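Summary of structural features
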Amino acid sequence: MPSVYELRIDELAAHLLGEPRYRVEQVWRGVWDEGLALEDITTVPKVLRQRLSETFPPALEVANEVASDLGATRKWVFRLHDGATIETVLMNYADRVTVCVSSQAGCAMGCTFCATGQAGFSRQLSVAEVIEQVMFAARVAAPRRLSNVVFMGMGEPLANYPVTVGVVQRLHEYRAMSARHLTVSTVGVAPAIERLAAEGLPLTLAVSLHAANDQTRDELVPLNRRYPLERLYRACETWIATTSRRLSFEWALIDGVNDTDQAMHELAEYAGGLRAHVNLIPLNPTPGYLVRGSGSQRVHEFRLGLEELGVNATVRNTRGRSIDAACGQLAAVTNAHPTRVTLRALHGGAPEAGSAPRQQADSHEAGQTP
Ligand code: SAH
Ligand code: SF4
């Protein structure tokens, strides 16, 4: 389906032949600067707006919406034209507004602790389907300006490489977003990291490490069998050398699995060599993985231990957990009873009737390197 988000300005102009020249600018500004839906660009005549929105129908239909943190965190399930479903999360903070987008419907990587991985792969998303998630969130966020986009929703962005690159390019060129505000999180597709480094795109890269010995990582992240830690390390070195940017590692702390002192030392050695920043995420519950996240005391100790070993580490919190909107919980469960209670039951998390307890921070946030 054609989408206005996939057009260059000259291509948009071709759809506005016969209209005054300035209409092109008006529509372009409405779409990209103001983030409006076509039918809401009131600077252009109604008939034209209607024609445009018929030519470029929206790619996303809201199938469900849930909110927590007093409305500061919102999650949508969107249905796509072929029935595939994806999830998008909007997080409002005092100093920024972040959207977490899906890059694929499902994911083929099969990480054992991740709800998306447990559910399997449906299909790739298009550039338009990813950008529309951003623009939809931007509209809800208004009058605040959406400031950050993180590719930490469903899917592996580097397994949908051309789309990820296309989206970042457009957000940079047409929405003036820069590297500090665009974060791509990857499970560690080594050759794609090297290729991405050479693109010269303004983005921050986060690598989901979770284990720094091959035996454990093979179990948590099956892709490690294809690109083991040493291979991944070389790709990270290339990223740093080529882009002169720091890298961050994500580490979901799993009780007894990767939160031991030994795991801490392995991580410190791996991350230290690359001078990478570490984002610690307490494991969020998912239905298919019956191991627990580390307790908050252990999370705290683990962070301090890393600091003592010379590695900068931040604990990311678990915003959205109560609505299964936190890291690794996105499985796009749509059903006949799309209530929060149903979602919780299906995801197998702890039942939380009524209002959700406040969660403090944010397990989606970009690993902003200090
Ligand atoms: N596929 C990409 C991006 C989406 S996942 C990637 O894996 O990096 C976004 C982040 O959530 C990743 O760091 C992932 O490892 C993490 N994650 C997955 N399942 C999780 C869970 N149950 N608890 C906490 N983090 C999880
Ligand atoms: Fe896919 Fe990332 Fe989940 Fe792994 S953690 S299954 S790569 S979405």
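Residues numbered from 1 in each chain as written. Chains lettered and ligands numbered in written order. Predicted model: local features only at pLDDT ≥ 70, side-chain atom pairs only at ≥ 80, totals over all residues.

A word on the site of ligand 2. Close to ligand 2 lie Cys-107, Met-109, Gly-110, Cys-111, Cys-114, Thr-116, Gly-117, Gly-155, Glu-156, Val-187, Ser-208 and Gly-328. Broken down by class, the residue content of the shell around ligand 2 amounts to five nonpolar, six polar and one charged. (Near = placed C-beta within 6 Å. Nonpolar A, V, L, I, M, F, W, Y, C, P; charged D, E, K, R; others polar.)

The pairing of strand E3 (residues 85–92) with strand E4 (residues 97–100) spans four bridges and is classified as antiparallel. Its bridge partner being in E4, Met-91 is matched across the sheet by Thr-98. The antiparallel pairing of E3 with E4 creates a hairpin that spans four residues between the two strands. The sheet contact formed by E4 and strand E7 (residues 148–151) spans three bridges and is parallel. (Pairing = 2+ DSSP bridges. Helix = DSSP H or I, 4+ residues; strand = E, 2+ residues; numbered from the N terminus.)

Val-134, Trp-251, Leu-267 and Val-278 are the most contacted members of the largest nonpolar core, which totals 103 residues. Broken down by element, this core gets its largest block of residues, eight residues, from helix H5 (residues 127–141). Each of domain 1 (1–57) and domain 2 (59–347) gives at least three residues to this core. Those residues in contact with Val-134 that lie beyond four places of it in its chain are Val-99, Val-101, Leu-146, Val-149 and Leu-171. (Core = buried A, V, L, I, M, F, W, Y, C linked by C-beta atoms within 7 Å. Buried ≥ 20, exposed ≤ 12 C-beta atoms within 10 Å, placed from the backbone. Domains from an automatic or database assignment. Contact = placed C-beta atoms within 7 Å.)

Of all residues adjacent to ligand 1, which total 17 residues, the nearest are Cys-114, Ser-208, Asn-284, Cys-327 and Gly-328. At the level of elements, strand E8 (182–186) and strand E10 (248–253) are the ones that each hand at least two residues to the shell around ligand 1. Residue composition of the shell around ligand 1, by class: eight nonpolar, seven polar and two charged.

Model confidence for the protein is summarised by a mean pLDDT of 89, while 89% of its residues fall at 70 or above. In this model, residues 334–370 is a region of pLDDT below 50 whose contacts with residues beyond four sequence positions or in other chains number 92 contacts. (pLDDT = per-residue confidence, 0-100.)

A separate point is the environment of Pro-162. Assignment of secondary structure puts Pro-162 in helix H6 (residues 161–175). Taking C-alpha positions, Pro-162 is 8.6 Å from Val-127, a pair spaced 35 residues apart along the chain.

What follows covers the packing of helix H10 (residues 261–274) against helix H11 (residues 296–308). Orientation of H10 relative to H11, taken along the N-to-C sense of each, is 40 degrees, at an axis distance of 10 Å. The pairing of H10 with H11 is recorded here as oblique in orientation. Viewed along their axes, H10 and H11 form a crossing whose handedness is right-handed. Along the contact surface, H10 presents Met-264, Leu-267 and Ala-268, while H11 presents Phe-302, Gly-305 and Leu-306. (Axes fitted to C-alpha atoms, helices over the stretch in contact; angles between N-to-C directions. Parallel < 35°, antiparallel > 145°, perpendicular 65-115°, else oblique. Left-handed = near helix turned anticlockwise from the far one by under 90°.)

A few words on the sheet that holds strand E2 (residues 73–79). One open sheet accounts for ten strands, arranged E1-E2-E3-E4-E7-E8-E9-E10-E11-E12; its pairing is mixed. Bordering the open sheet on either side are strand E1 (61–68) and strand E12 (313–315), each of which pairs with just one other strand. Strand-to-strand twist in this sheet, taken as the mean axis angle between neighbours without regard to direction, amounts to 20 degrees. Sitting on the sheet, H5 touches E2, E3, E4 and E7, and the angle it makes with E3 is about 40 degrees.

Let's shift gears to helix H9 (residues 229–243). Over its 15 residues, H9 runs 21 Å from end to end, which matches the ideal 21 Å to within 8%, given 1.5 Å per residue. All buried positions along H9 are accounted for by Leu-232, Ala-235, Cys-236, Trp-239 and Thr-243. Relative to the axis of H9, the buried residues are bounded by an arc of 100 degrees and lie together on one face. For H9, the exposed residues set more than 90 degrees away from the buried face come down to Glu-230 and Ala-241. The inward-facing, buried residues of H9 contact helix H7 (190–199), strand E9 (204–208) and H10. Ser-244 lies just past H9 and shows a positive phi near 55 degrees. (Expected span 1.5 Å × (residues − 1). Arc of directions from axis to C-beta.)

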